Amino acid sequence: MPDVQPIGIDLGTTCSAVAYIDEHGKTAMVRNAEGEVLTPSVVLFDEEEIIVGREAKKAAGVEVGKVAECAKRDMGRESYAKLINGKEMPPEVIQAYILKKLMLETEAALGTQVKAVITVPAFFDEVRRKATTDAGEMAGLEVLDIVNEPTAAALAFGEAAGYLEDDGTPREMMRVLVYDLGGGTFDVTLLELRPGDVRTLATDGDTHLGGRDWDQQLADHAADAFAAQYGSDPREDPGSLVRLMRAVEEAKHTLSIRNRTKIHVEHAGQALDLSLTREEFYDITAHLLERTAYTAGEVLRVAGKTWQDVSKVLLVGGSTRMPMVPEMLEKLTGIEPDSSIYPDEAVARGAAVFARYVMDQGAGDKQPSFTVVDVNSHSLGILGIDQETKRKENVIIIARNTPLPARAARNFVTKTDNQKSIVVQVLEGESTAPEHCSVIGKAVLRNLPPGLKQGWPIRVTYQYGTNGRLSVRAVVPGTEREIVMELEREQGLSSDRLKQWKQTLTAEVGRKRSASTIPAEQQSVMTPTQRKAPPAAQRVAKAAKTPTATPAAAAASPIAAQRAAPQATTTAPQATTTAPQATTTAPQATTTAPQAATVMQPAATEVVSSPASSETVLRPKNKKGLKVWYYLAGYIISATVGLSIGYVLMCMINPEADFLNIWVPGVEAPSEEE
Ligand code: ADP
Ligand code: MG
């Protein structure tokens with residue numbers, strides 16, 4: 001065994017798994033301390049200790065307020081959906097506890113230190129990817145890279161089915177559809193595997209569709225039947241509800257192998273054994289299955305392919321064990337889905353293959369044997385203003401499903417004569433309406449030289465790395481003014497809080513720890529302001545001073561740089577990418593005519609960090625003088641108040657100091673007679 005072992009971690013919504021590369025160079029699963037391959041992604045925050053996995057899952061029905069489940073669904077949000085012990089907690093901290101257990105037990109099992117590749121759903125956006133890396137960092141885990149789950153799954157199937165060489169290179173061209181239905185999420189991806197090339201063609205998914213939704217349908221069915229019989233509803237009591245959810249999940253599992261089962265429902269001292277056939281189960285949940293088929297069809301359509309173009313169907317995720325899934329896919333594709341690997345091991349195994357590949361490359365002594373090309377799962381755009389309609393719009397610069405790394409540039413123009421500053425607001429989302437997109441970063445280019453005519457060109461370039469990092473560059477030709485911004489997420493933990501949490505998790509020895517070692521302020525409720533990253537302007541100011549020193553995102557990561565050829569370079573004014581899948585990557589037509597159609601807004605003196613105040617951005621910059629007067633008035637007022645208080649205090653101590661002869665509380669005024 002090497003000193004440091006590359007491992008792959010499938011950090012799942014409901015279950016997590018770890019794989020490594022064994023002494024024969026093949027992937028193998030790691031067993032946790034309980035001797036199991038799958039670790040429930042559940043954390044129990046007990047007074048005494050923090051427990052992850054099977055025991056935590058058992059406690060979920062009893063200690064409802066102490067157990068965190070499905071934190072992955074909330075990644076990227078400020079706090080986990082539920083209060084834990086009455087307190088808010090960031091979802092990435094919960095994930096960090098899971099990673100910590102996985103890491104420690106893997107190191108114990110393998111007898112080496114580990115470096116990991118963690119997988120995320122392909123549709124995870126930038127914020128959620130970063131939150132996942134943060135979770136790894138807090139756990140004290142060295143994260144080699146983040147890789148998309150379907151890509152990992154394809155690598156694992158490739159290895160198992162023998163269509164990869166020993167070094168991971170695909171032997172022949174195959175078009176693989178990865179259908180991943182887990183506990184809480186659905187993810188479908190079309191990949192093309194060629195010798196030396198693993199390429200994602202298109203991907204889509206649903207963050208809120210998974211086995212749990214099948215459970216929910218069954219739970220509603222059973223609870224309705226119970227309510228009809230006894231007049232009381234088990235969903236109204238948290239304890240009964242948790243037990244009901246466990247019962248229906250078990251029934252669902254049974255129906256994967258048997259044709260009928262019974263659901264045992266208990267509530268308010270009464271019990272019901274409801275029998276259920278596989279047929280009935282199919283009927284109750286048909287609309288959910290239909291939704292997955294629709295999404296899969298969309299992925300094929302976007303990639304310009306049909307069901308008949310699929311040469312292999314890979315089933316990933318525990319929910320694909322429901323027979324209705326392979327049955328449906330076989331009907332659609334005409335081929336039997338591959339079952340050469342357990343659906344809940346594929347992702348971790350593939351991540352291990354990928355981790356080895358990353359480490360080999362990092363060692364620098366091996367030429368990369370194959371390249372992995374992913375796509376961006378959400379469009380990245382910029383807030384512009386349509387010159388004719390004057391409406392704000394999301395101008396897409398790198399369209400979704402563009403192979404990564406991608407580079408695209410687009411020209412804009414200034415809005416007014418003598419414009420002094422420009423706001424670059426980076427949006428993520430498909431809609432042209434900015435309000436339907438999320439703002440993922442903002443920067444202001446200031447101090448443009450005076451006398452610029454309206455319509456002066458501005459060139460904005462996005463560089464999106466394979467590691468999901470975005471670097472934005474805005475240049476005003478002829479002015480030597482440019483701005484470079486390495487995008488950091490605006491939401492999420494600040495680096496200080498991240499460090500604090502890391503210390504908290506590091507202080508823990510083994511799996512047992514005292515909850516009281518969580519610093520009090522970390523247990524407390526977090527307000528949005530506490531969690532806000534520094535304003536974009538501050539981060540950008542640094543970059544703007546040394547514009548050429550900021551490396552492009554891909555170049556910043558040695559792995560990313562080698563991972564794929566820069567096939568998506570775009571230089572045309574309209575940002576038409578020259579990538580192979582041009583059909584999928586064309587920018588939205590609504591972004592209008594070349595050049596002058598979209599303008600960039602000037603900025604106010606200050607960077608406005610909240611979208612709500614973005615209106616002020618449009619105002620010209622003559623507010624500076626006014627502000628100075630405000631400040632001056634403020635100084636004068638506070639100085640006067642301070643002096644008066646000082647005078648009164650002085651007089652209270654020594655009435656003789658009252659040379660103005662005013663009334664001072666507690667000091668008797670000299671009487672007139674005297
Ligand atoms: P995730 O990746 O979201 O953590 P998994 O791939 O581990 O999810 O899948 C978990 C889901 O798979 C759960 O909803 C579970 O009920 C379901 N599942 C596991 N085994 C079976 C089975 N035999 N039949 C039906 N569903 C199953
Ligand atoms: Mg999964």
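Residues numbered from 1 in each chain as written. Chains lettered and ligands numbered in written order. Predicted model: local features only at pLDDT ≥ 70, side-chain atom pairs only at ≥ 80, totals over all residues. Heavy atoms only, no water.

Attention now moves to the overall build of the protein. Of the regular secondary structure elements, the protein holds 17 helices and 26 strands. Looking at the protein residue by residue over its 674 residues, the buried ones come to 53%. By sequence separation, contacts in the protein at least 24 residues apart represent 66% of the contacts at least 6 residues apart. When the accessible surface of the protein is summed, it comes to about 29600 Å², and 54% of that surface belongs to carbon and sulfur atoms. (Helix = DSSP H or I, 4+ residues; strand = E, 2+ residues; numbered from the N terminus. Buried < 20%, exposed > 50% of the residue type's maximum accessible area, 1.4 Å probe, protein only. Contact = heavy atoms within 4.5 Å. Areas by Shrake-Rupley, 256 points an atom, 1.4 Å probe, with all protein chains shown as cover.)

In this model helix α5 (residues 211–230) runs 28 Å from its N-terminal to its C-terminal C-alpha over 20 residues, within 8% of the 28 Å that 1.5 Å per residue would give. Looking only at α5, the buried set comprises Gly211, Asp213, Trp214, Asp215, Leu218, Ala219, Ala222, Ala223 and Phe226. Of the surrounding secondary structure, the elements contacted by the buried residues of α5 are β10 (174–181), α6 (238–257), β13 (260–267), β14 (270–277), α7 (278–302) and α8 (324–333). A positive backbone phi angle near 75° is found at glycine 231, which sits one or two residues after α5. (Expected span 1.5 Å × (residues − 1).)

With that settled, consider the site of ligand 1. In the region of ligand 1, 17 residues are neighbours, and Thr14, Gly183, Glu249, Lys252 and Ser256 sit closest. Within the side chain of serine 256, one N or O atom sits 2.6 Å away from a nitrogen atom of ligand 1. In isolation ligand 1 has 570 Å² of accessible area, and contact with the protein removes 87% of it. A per-element tally of the shell around ligand 1 places α6 first, with four residues. Here the shell around ligand 1 is built from residues that sort into two nonpolar, 12 polar and three charged. (Near = heavy atom within 4 Å. Polar contact = N/O pair within 3.5 Å; in protein donor to acceptor, adjacent residues only side chain to side chain. Nonpolar A, V, L, I, M, F, W, Y, C, P; charged D, E, K, R; others polar.)

Moving on, we get to the packing of α5 against α6. Relative to each other, α5 and α6 sit at 110°, their axes nearing to 9 Å. Judged by the angle between their axes, α5 and α6 are roughly perpendicular. α6 is crossed by α5, and the crossing has right-handed handedness. The segment α5 lies against α6, with Gly211, Trp214, Asp215, Gln216, Leu218, Ala219, Ala222 and Ala223 engaging Leu244, Met245, Val248, Glu249 and Lys252. In the contact of α5 with α6, the residues fall into eight nonpolar, two polar and three charged. (Axes fitted to C-alpha atoms, helices over the stretch in contact; angles between N-to-C directions. Parallel < 35°, antiparallel > 145°, perpendicular 65-115°, else oblique. Left-handed = near helix turned anticlockwise from the far one by under 90°.)

A few words on the side chain of lysine 442. In this fold, lysine 442 is placed in strand β21 (residues 438–445). Here glutamine 425 takes part through its side chain, which lies 3.2 Å from a polar atom of the side chain of lysine 442.

Here we take up the sheet that holds strand β7 (residues 67–69). Spatially, β6-β5-β7 is the arrangement adopted by the three strands of the open sheet, whose pairing is antiparallel. Whereas interior strands pair on both sides, the edge strands pair on one side only; in this sheet they are β6 (50–52) and β7. Each neighbouring strand pair of the sheet contributes to a mean axis angle of 15°, computed without reference to strand direction. In this sheet, β6 lies alongside strand β5 (residues 42–45) in antiparallel orientation, the contact comprising three bridges. The partner of phenylalanine 45 across the bridge, within β6, is isoleucine 50. Set on the sheet, helix α2 (residues 91–110) makes contact with β5, β6 and β7; between it and β5 the angle comes to about 105°. (Pairing = 2+ DSSP bridges.)

It is possible for side chains bearing opposite charge to pair when their charged atoms get close. For the coordinates displayed, the defined rule picks out 29 salt bridges. Across the pair lysine 58 and glutamate 55 runs a salt bridge whose closest N-O atoms are separated by 3.2 Å. Highlighted residues: lysine 58 and glutamate 55, both in helix α1 (residues 54–59), separated by three residues, approximately one helical turn. Arginine 212 is the salt-bridge partner of glutamate 69, the closest N and O atoms lying 3.4 Å from each other. In this pair, glutamate 69 is assigned in strand β7 and arginine 212 in helix α5, connecting sequence segments 143 residues apart. Within the structure, one salt-bridge network assembled from shared partners comprises Glu36, Arg54, Glu55 and Lys58. (Salt bridge = Lys/Arg side-chain N within 4 Å of Asp/Glu carboxyl O.)

Looking now at the confidence of the model for the protein. Close inspection of predicted coordinates is inappropriate in any region flagged by low pLDDT. Taken residue by residue, the protein gives an average pLDDT of 77. The fraction at 70 or more is 75%. Note on residues 509–597: pLDDT is under 50 here. Beyond four places in sequence and across chains, it has 198 contacts. Contacts from residues 603–624, a stretch scored under 50 in pLDDT, to residues over four places away or in other chains number 35 contacts. (pLDDT = per-residue confidence, 0-100.)

In this section: the sheet that holds strand β16 (residues 371–373). The strand order across the open sheet built from five strands is β15-β10-β11-β12-β16, with neighbouring strands paired in mixed fashion. At either end of the open sheet lies a strand with only one pairing partner, and these are β15 (312–316) and β16. When the angles between neighbouring strand axes are averaged without regard to direction, this sheet yields 20°. In this structure, β10 lies alongside β15, joined through five bridges in parallel fashion. Each bridged residue has a counterpart across the sheet, and for tyrosine 179 the counterpart in β15 is leucine 315. Sheet contacts for helix α9 (residues 346–363): β10, β15 and β16; angle to β16, the most-contacted strand, approximately 125°.

Taking 1.5 Å per residue as the helical rise, helix α3 (residues 126–138) with its 13 residues ought to reach 18 Å, and the 18 Å between its terminal C-alpha atoms agrees with that figure. Among the 13 residues that make up α3, 10 are buried, leaving the element largely enclosed by the rest of the structure. Along α3, the residues classified as buried are Glu126, Val127, Arg128, Arg129, Ala131, Thr132, Asp134, Ala135, Gly136 and Met138. Positive phi shows up at glycine 140, right after α3, with a value of about 75°.

Here β5 shows a buried face lined by Val42 and Leu44 and a second buried face lined by Val43 and Phe45. In the sheet, β5 pairs with β7 via three bridges, with the strands oriented antiparallel. Bridged to valine 43 within β7 is alanine 68. Here β5 folds back onto β6, and the loop between the two strands holds four residues.

Tallied over the entire structure, the rule returns five aromatic pairs. A centroid spacing of 6.4 Å and a plane angle of 70° characterise the contact between phenylalanine 123 and phenylalanine 124, whose relative ring orientation is edge-to-face. Accessibility expressed as a relative area gives 3% for phenylalanine 124, which makes it buried. (Phe/Tyr/Trp six-rings, centres within 6.5 Å; stacked < 30°, edge-to-face > 60°.)

Put simply, leucine 404 and proline 405 share a cis peptide bond, and its omega is 0°. Within the fold, proline 405 resides in the loop between β18 (392–398) and β19 (406–414). Although it is not a glycine, asparagine 85 adopts a positive phi angle of roughly 50°. If you trace the backbone, asparagine 85 turns up in the loop between β7 and α2. Its identity as a non-glycine residue notwithstanding, asparagine 418 has a phi of 60°, on the positive side. Along the chain, asparagine 418 falls in the loop between β19 and β20 (422–428).

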